[in-house]
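Architecture and fold: a report
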Amino acid sequence: MLYSTARVSTDSPHRHIAQLVSHLGHDAPTEVDEERWSVTFGGGNCLLVESTTHFDMIVKAGDADAAAAVEDAIAHHLLRLAAGDERTVDWRPLVRPATSDDDAALLALDRAAWTAGSGLTSAEGEERTAYFSERRRPETHLVAALGDQIVGAVSTHRTTPFPQGAHVFGLWNLVVAEQARRRNIASALLSAAERRARALGAKKVGLRVLATNTGAVRLYERHGYAVEGRHVDEFLIDGAYVDDISMGKRLTPLS
């Protein structure tokens, strides 16, 4: 899956979203709930997320052509509604490679987003002045950004230095800001990380997840990951022993 996003600044985001969805409803099925507006096209869909001074448009599609078609349709209707307003729609990838300039934002995200169920509280409580280190390098990370705000991140690289295992990559530190959840951010990060790993020669990706993090386990299963092992009572967290689950996914058939 491919994901892209654009931000529209407005003093009345709710009204603009309602108008756009109503306008698009003549050409495409629309799905609406109290907090989410979703417009479905043949090759993909667009989620419109309201904020106080803007709204974000997040496109999800199976390939580049389908994504471009959805982007063009959304932008066409949006610009028609903005008659007399010199508005442009700047579509960007939802996920991009990290840079060293992202350090402060990633450190803040890392500190705020983890919970006792998703990670080890002792590790997340470490006093750090920087996110990147010898163990965490910008070139192994991808970040998700809405506007200028980083709302998610993931790391992927080879799991072993041995050439016999060069075809296996791991996924680490998948995190999404609390206010950006339920917007396909985690799925976009997973998809992008898998594409990056495949481009670097990976035929398989693996990850570890705490058994108590049931939401993450379900996410990985939806993306084709299967349980490959279970490390029973691997961690003692808040007085209870917790299993650590190993999951994996083949990116290409193994001969």
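Whatever comes next refers back to the structure up there.
Quick summary incoming for the structure in this document. Quick caveat: nothing in here was measured; it's all calculated off a predicted structure.

1. Looking at the pairing of strand S11 (residues 204-210)
Most of S11 is tucked away: five of the seven residues are buried. Pairing of strand S10 (residues 168-176) with S11 involves three bridges; the strand directions are parallel. If you follow Val-168 over to S11, its bridge partner there is Lys-204. Remark: the S10/helix H5 (residues 185-199)/S11 crossover connection has right-handed handedness. Two elements, S11 and strand S13 (residues 240-250), share seven bridges in a ladder whose sense is antiparallel. From the neighbouring strand, Leu-207 faces S13, where its bridge partner is Met-247.

2. Details of the sheet that holds strand S9 (residues 149-158)
The sheet built from seven strands is open, its strands ordered S7-S8-S9-S10-S11-S13-S12 with mixed pairing. Across the chains shown, the open sheet's two edge strands, defined by having one partner strand only, are strand S7 (95-97) and strand S12 (226-237). Within this sheet the neighbouring strands show an average axis-to-axis angle of 25 degrees, counted without direction. Here strand S8 (residues 141-146) runs beside S9; their pairing, made up of six bridges, is antiparallel. Bridging from a neighbouring strand, His-141 pairs with Ser-155 of S9.

Cut-offs applied
- Residues numbered from 1 in each chain as written.
- Predicted model: local features only at pLDDT ≥ 70, side-chain atom pairs only at ≥ 80, totals over all residues.
- Heavy atoms only, no water.
- Buried < 20%, exposed > 50% of the residue type's maximum accessible area, 1.4 Å probe, protein only.
- Helix = DSSP H or I, 4+ residues; strand = E, 2+ residues; numbered from the N terminus.
- Pairing = 2+ DSSP bridges.
- Right-handed = clockwise from strand over helix to strand, strands pointing away.
- Axes fitted to C-alpha atoms, helices over the stretch in contact; angles between N-to-C directions.

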